[in-house]
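Given next are the chains, with one letter for each unit.
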Amino acid sequence: MSKKKIIIIGSGIAGLSAGCYLQINSYDTEIFELHNIPGGLCTAWKRKGYTFDGCIHSIGGLNPRFKLYHYWNELIDMSQLKFYYHDALGTAEDENGKIATMFTDPDKLEKELISIAPEDKGFIRSFIKGIKKLANFDLMPSKPLELWNPLDYYLRQFKAAPVLYYLMKWSKSVEDMTKECKSKKLKRTLNMDFFSRFPAFFLLISLGSLHNKNSGYPIGGSLPFARLLEKKYLELGGKIHYKLKVIKINTKDNQAVGITLENGETHNDADFVISAADGHYTIFKMLEEKYIDKKIKKLYNEHPKWPSMVLISLGVSRTFENEPTSIELDLNKEFIVDEQSKLMSIPITIYNFDHTLAPEGKTCIRIMLKTDNYQHWSELRKNNIEEYNREKDRISQEVIKILDNRFGNIISNVDVIDIATPATFKRYTNNWMGSTQGWNWLPSLVPEFIKKELPGLENFYLIGQWTAPGGGVSTAFQSGRDITLIICKKDKKKFQVK
Ligand SMILES: Cc1cc2nc3c(=O)[nH]c(=O)nc-3n(C[C@H](O)[C@H](O)[C@H](O)COP(=O)(O)OP(=O)(O)OC[C@H]3O[C@@H](n4cnc5c(N)ncnc54)[C@H](O)[C@@H]3O)c2cc1C
């Protein structure tokens, strides 16, 4: 019997994962990707001898005690890779120096936090207890929610029972949770960057996961990691067509049958079409808003997204041996990214933990400046490229001055400056409003369930970060595995991993 044909749009982590698992399960797949490299947001780029990483701080699934480790190993031999395990989530600093370090070791963290906020000892102890209790909880379900039966719900509750109390206790956002702290220093330290808007248990689980070496950073960075999936996919007989943008998903009698490319070519021989590309572009452009209901409209109109960012990468001709790898530096005056985005602190990553990224004696530094103002950056780039470049220049020079104040010897040692704006994220990955991780996970016990199917359309699935709030590399990877389970079930096939 001839194999069923599946067209996949996008070679990000979700598209590559789906491609690999589908090939293993005897489907004939082809990926169409607008960029000339795999990985999507999971990427990096080279400038004058430096490799600037655009993604992974840490990915989950590195500890064999957790399911995800075994899933990764179905496609990648994880034991061959080297990981760096962060011993701190970051150090909060202000103009007077260090406030506190968010150590991943809970005992060390407890001491650190009590030393800055003895008046909040009770809260801190309860927070640390939460980290220890949640550290061994495997968040990852063994199959997609679409395939759950009543027994799966029952078993999940049973497995979650020992930690349910802690999940519920810490289900408010970090911002809300820290309202009960008396110490300003403690509030500041716990409200690390993007964690402050997430359910607090996400922070507790992340700390636990870093400590028990279930999360870490792959040495070499994000692009080589994505390339491992590309390699596996090609070895399995998959085909990737780079530099081809899909502009339409073709349908016949409300069944997806193929795609139209920007160059006018059509491919209408698919049994299934999977979009592993941006959700908004898929639903509102490629499918022309034809397969949509109130719930989807509400999601796209109201649900908060991860912001985009101005991402500054610097190649600096010096080392930073005794500095933390991640610093959140509070500023004494607003840093204006754009009219709508004024920051009182900047997160700095010093890549002194991956020497493969810079020539000897040199270091890469990354600064992520959040902004939700995609419109501003995209219009500026389109209508006034000189002003766009001037703005990029202004921001990078201000950042360099701040770093020079903090570390010394920066201004004279900057070899390379590279700046990506929300317009850059959109251009290279087509993500809606330049969002870097899809939907935010709002404070609640369980993230919102987003269907991979669209109402009224057969033989079509949407996967990737826009179908799982919180986003991330592991989630995208899991969604590729999940969709294969769903398709195998539909075709009454046994799901294979080899
Ligand atoms: C600075 C930064 C730091 C991050 N840090 C982490 C981290 O530490 N840990 C973590 O887990 N996650 C992190 N993430 C998030 C993570 O990178 C993403 O959530 C994940 O990679 C999303 O994968 P995806 O496959 O769902 O989507 P994408 O990566 O967006 O892939 C979609 C692919 O589809 C292609 N495409 C889009 N439209 C079309 C079209 N019309 N035709 C053809 N191709 C198309 C795109 O070019 C892209 O290759 C970070 C992201 C950024 C930007």
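In this text, all values refer to a predicted model and were calculated from it rather than measured experimentally.

On the secondary structure map, glycine 15 appears in helix α1 (residues 13-24). Residue contacts for glycine 15: discarding those within four places in its chain leaves Ile8, Gly10, Ile31 and Ala276.

Further remarks concern unusual backbone geometry. Positive phi, normally seen in glycine, also occurs at lysine 243, with a value near 60°. Inspection of the secondary structure assignment puts lysine 243 in the loop between β10 (239-241) and β11 (246-252). The exposure class assigned to lysine 243 is exposed, which follows from its relative accessible area of 62%. Positive phi, normally seen in glycine, also occurs at lysine 492, with a value near 55°. The residue lysine 492 is located in the segment after α15 (473-490) in this model.

The domains assigned to the chain are domain 1 (5-40 + 65-76 + 220-304 + 438-490), domain 2 (102-212) and domain 3 (308-432). With centres defined by C-alpha atoms, the gap from domain 1 to domain 2 works out at 30 Å. The interface is formed by 20 residues belonging to domain 1 together with 24 residues belonging to domain 2. Here domain 1 is connected to domain 2 by two salt bridges.

With that settled, consider α1. Compared with the 16 Å implied by 1.5 Å per residue over twelve residues, the 17 Å span of α1 between its first and last C-alpha is a close match. Within α1, twelve of the twelve residues are buried, which leaves the element mostly enclosed by the surrounding structure.

The next subject is the side chain of glutamate 110. Mapped onto the elements, glutamate 110 comes out in helix α3 (residues 106-116). What makes glutamate 110 buried here is its relative accessible area of 18%. Excluding residues within four positions of it along the chain, glutamate 110 makes contact with Ile124, Arg125 and Ile128.

Further remarks concern the packing of helix α12 (residues 374-383) against helix α14 (residues 422-429). Following both chains from N to C, one finds α12 and α14 inclined at 80°, their axes separated by 7 Å at the closest point. Regarding the angle of α12 to α14, the classification is roughly perpendicular. Along the contact surface, α12 presents Tyr374, Trp377, Ser378 and Arg381, while α14 presents Pro422, Ala423, Lys426 and Arg427.

All right, on to a nonpolar patch on the surface then. Nonpolar side chains collect at one region of the surface, where Leu151, Tyr154, Leu155 and Phe158 lie side by side and expose about 460 Å² of accessible area between them. Assignment of secondary structure puts leucine 151 in helix α5 (residues 150-169). Residue leucine 151 is classed as exposed on the basis of its relative accessible area, which comes to 53%.

This part is about the site of the ligand. Around the ligand, a shell composed of 37 residues is seen, among which Glu33, Leu41, His57, Asn431 and Gln465 lie nearest. One of the backbone nitrogen or oxygen atoms of histidine 57 is found 2.7 Å away from an oxygen atom of the ligand. Asparagine 431 has a polar side-chain atom sitting 2.8 Å from an oxygen atom of the ligand. For the ligand, whose unbound accessible area comes to 1,000 Å², protein coverage reaches 95%.

Within a sheet, adjacent strands bond to each other through the backbone by hydrogen bonds, running parallel or antiparallel. The sheet built from five strands is open, its strands ordered β10-β2-β1-β14-β20 with parallel pairing. Every interior strand has two partners, whereas the edge strands, β10 and β20 (460-462), have only one. For this sheet, the mean angle separating the axes of adjacent strands, direction not counted, is 20°. Summarising the sheet, strand β1 (residues 5-9) and strand β2 (residues 28-32) pair through five bridges and their orientation is parallel. The partner of isoleucine 8 across the bridge, within β2, is isoleucine 31.

Before going further, it helps to spend a moment on the UniProt feature "coiled-coil region" (unreviewed entry) in the chain. The residues that UniProt annotates with the feature "coiled-coil region" (unreviewed entry) are residues 378-405. Helix makes up 96% of residues 378-405 and strand 0%, and the two end C-alpha atoms of the span are 31 Å apart.

So, about the packing of α1 against helix α9 (residues 222-235). Direction vectors running N to C along α1 and α9 enclose 30°, while the axes themselves pass 9 Å from each other. Classified by the interaxial angle, the pair formed by α1 and α9 is roughly parallel. Note on packing geometry: the crossing formed by α1 with α9 is left-handed. Side by side, α1 and α9 meet where Ile13, Leu16, Gly19, Cys20 and Gln23 of the first sit next to Ala226, Leu229, Glu230, Lys232 and Tyr233 of the second. Considered class by class, the residues forming the contact of α1 with α9 number six nonpolar, two polar and two charged.

A separate point is the nonpolar core. If you look at the biggest cluster of nonpolar residues, it comprises 60 residues, and the most contacted ones within it are Trp72, Ile274 and Ile487. Composition of this core by domain shows at least three residues from each of domain 1 (5-40 + 65-76 + 220-304 + 438-490) and domain 3 (308-432). Formed by 42 residues, the second largest nonpolar core is a distinct cluster that contains Ala92, Met102, Phe123 and Leu203.

Spatial ordering of the open sheet is given by β5-β9-β6, a layout of three strands whose pairing is antiparallel. Edge positions in the open sheet fall to β5 (59-60) and β6 (83-84), since each of these has one partner strand only. Two elements, β6 and strand β9 (residues 215-218), share two bridges in a ladder whose sense is antiparallel. Following the sheet pairing, tyrosine 84 is matched in β9 by tyrosine 217.

Here α14 has its buried residues at Pro422, Ala423, Thr424, Phe425 and Thr429. The secondary structure elements touched by the buried residues of α14 are β15 (308-316), β18 (363-371), α12, α13 (385-407) and β19 (414-420). Following α14 by one or two positions, asparagine 430 adopts a phi angle in the positive range, close to 65°.

Thresholds applied
Residues numbered from 1 in each chain as written. Predicted model: local features only at pLDDT ≥ 70, side-chain atom pairs only at ≥ 80, totals over all residues. Heavy atoms only, no water. Helix = DSSP H or I, 4+ residues; strand = E, 2+ residues; numbered from the N terminus. Contact = heavy atoms within 4.5 Å. Buried < 20%, exposed > 50% of the residue type's maximum accessible area, 1.4 Å probe, protein only. Domains from an automatic or database assignment. Salt bridge = Lys/Arg side-chain N within 4 Å of Asp/Glu carboxyl O. Expected span 1.5 Å × (residues − 1). Axes fitted to C-alpha atoms, helices over the stretch in contact; angles between N-to-C directions. Parallel < 35°, antiparallel > 145°, perpendicular 65-115°, else oblique. Patch = residues over 30% accessible without salt bridge, like charges linked within 9 Å, V, L, I, M, F, W, Y side chains within 5 Å. Areas by Shrake-Rupley, 256 points an atom, 1.4 Å probe, with all protein chains shown as cover. Near = heavy atom within 4 Å. Polar contact = N/O pair within 3.5 Å; in protein donor to acceptor, adjacent residues only side chain to side chain. Pairing = 2+ DSSP bridges. UniProt positions renumbered as here; feature names shortened; annotations may be inferred. Left-handed = near helix turned anticlockwise from the far one by under 90°. Nonpolar A, V, L, I, M, F, W, Y, C, P; charged D, E, K, R; others polar. Core = buried A, V, L, I, M, F, W, Y, C linked by side-chain atoms within 4.5 Å.

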